[in-house]
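Each chain, written out:
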Amino acid sequence: MYKEDDDTALLALRGGLRGRFRRSLDSMENAFEALQDSLERTTSPAQRAELQPIFDELRTQLLSLRRLGDQTSDAATAALLRGSCTPRPMDLVSQLREICDILQEEAARCGLPFTVELCCAGVEFLPTMGDATLLNGLVTNLVSNTLAVDGAAHIVLHCAPGCFVYRDNGPGLPPDARALLTEEKWSERLLHAGGLGLPLIAAYARAMGWALAVGEGPGTELQFTLPAAPPLENLMLESPAERMAEQRTRRQLIQRELALLANR
């Protein structure tokens, strides 16, 4: 039987793993910046130009490790994530609209040619149950997987009553990736690749109570059946400070993800 104490321990494990990764990476970044500042003062322009590719690669790897640290923390607790997540009433349209706006702004800033579109089919308000943090992880992992295959992809997020669909115009998911999403079966190829994005997409969806199915495409198409809409009076308004903090966290996550793609 799942107890409340188990939830607390699980959240502590997840938070502790994230905190440990972040503290170590903060120390590495501080040391990296100190080294770079020192070399700026003690080397010639020609020497700095020669060293720049090495610094660029180190910066990319630090970004990659930050992402991997967050994914590893979630993956370590993915099997029990649903037990530790308490989905709240939320308006999915407004959440996705903000994600799309940030993606478009950051794509332009990073010089990435992909496009993202939100289609609501006349639905301006879609109450459902979910979690903003898990939604961030779900969408950014989907976008990252798409752009790893085609950096100029067109992505469509489609909302309708009771349904959220993610589509892109890429080559679609190979059979082993479909099996990993829907049946949690790892192929030798995916084990060798070592990616955590696909199983985390499924884990985030399950934790929010969203049923996941893989569509036929063309391209990649993931269909999420949403939980029954809560009564409107149960939708909780966030304070301005909470909203700003959530937007900042969302933007930082997307910035980190796109910075990795831009540096590849």
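These numbers come from a predicted model, not from an experiment.

(A) Representation of the nonpolar core in the model. By size, the foremost hydrophobic cluster in this structure holds 48 residues, and its most contacted members are Leu92, Leu96, Leu138, Phe164, Trp210 and Phe224. At the level of elements, α4 (92-110), α5 (132-149), β4 (154-160), β5 (163-168), α6 (175-183), α8 (197-207), β7 (221-225) and α9 (240-262) are the ones that each hand at least two residues to this core. The biggest single contributor to this core is α4, with 8 residues. Among all residues touching Leu92, those that are not within four sequence positions of it are Leu126, Thr128, Leu135, Cys159, Phe164, Trp210 and Leu226.

(B) Examining the side chain of Glu257 more closely. Residue placement: Glu257 occurs in helix α9. Separated by 2.8 Å, the side chains of Glu257 and Ser144 make a polar contact.

(C) Representation of the pattern of salt bridges. Tallying each qualifying case throughout the model produces 9 salt bridges. Between Glu40 and Arg48 there is a salt bridge, with its nearest N and O atoms 3.4 Å apart. Connected via shared salt-bridge partners are Glu105, Glu106, Arg109 and Arg251.

(D) Inspection of the sheet that holds β5 at higher detail. Strand order in this open sheet of 5 strands is β2-β4-β5-β7-β6, and the pairing throughout is mixed. Taken across any chain shown, the strands that pair with only one partner, and hence form the sheet edges, are β2 (115-119) and β6 (211-214). Strand-to-strand twist across the sheet, computed as the mean angle between neighbouring axes with direction ignored, equals 15°. Seen against the sheet, α5 touches β4, β5 and β7 and runs at an angle of roughly 20° to β5.

(E) Region of interest: empty space enclosed by the protein. Going through the model one piece at a time under the given rule, you end up with 1 cavity of 30 Å³ or more. Its boundaries defined by the atoms lining it, the largest cavity holds a volume of some 50 Å³. Around the largest cavity sit Gln36, Leu39, Glu40, Thr43, Arg48, Leu51, Gln52 and Phe55, which together line it. Secondary-structure elements contributing two or more residues to the lining of the largest cavity are α1 (4-42) and α2 (45-76).

Cut-offs used in this document
- Residues numbered from 1 in each chain as written.
- Predicted model: local features only at pLDDT ≥ 70, side-chain atom pairs only at ≥ 80, totals over all residues.
- Heavy atoms only, no water.
- Core = buried A, V, L, I, M, F, W, Y, C linked by side-chain atoms within 4.5 Å.
- Buried < 20%, exposed > 50% of the residue type's maximum accessible area, 1.4 Å probe, protein only.
- Helix = DSSP H or I, 4+ residues; strand = E, 2+ residues; numbered from the N terminus.
- Contact = heavy atoms within 4.5 Å.
- Polar contact = N/O pair within 3.5 Å; in protein donor to acceptor, adjacent residues only side chain to side chain.
- Salt bridge = Lys/Arg side-chain N within 4 Å of Asp/Glu carboxyl O.
- Pairing = 2+ DSSP bridges.
- Axes fitted to C-alpha atoms, helices over the stretch in contact; angles between N-to-C directions.
- 1 Å grid on protein atoms, 1.4 Å probe; cavity = no way out; pocket = protein on both sides within 12 Å on 5 of 7 lines; lining within 4 Å.
- Points joined across faces, edges and corners; volume = space filled by probe spheres on them.

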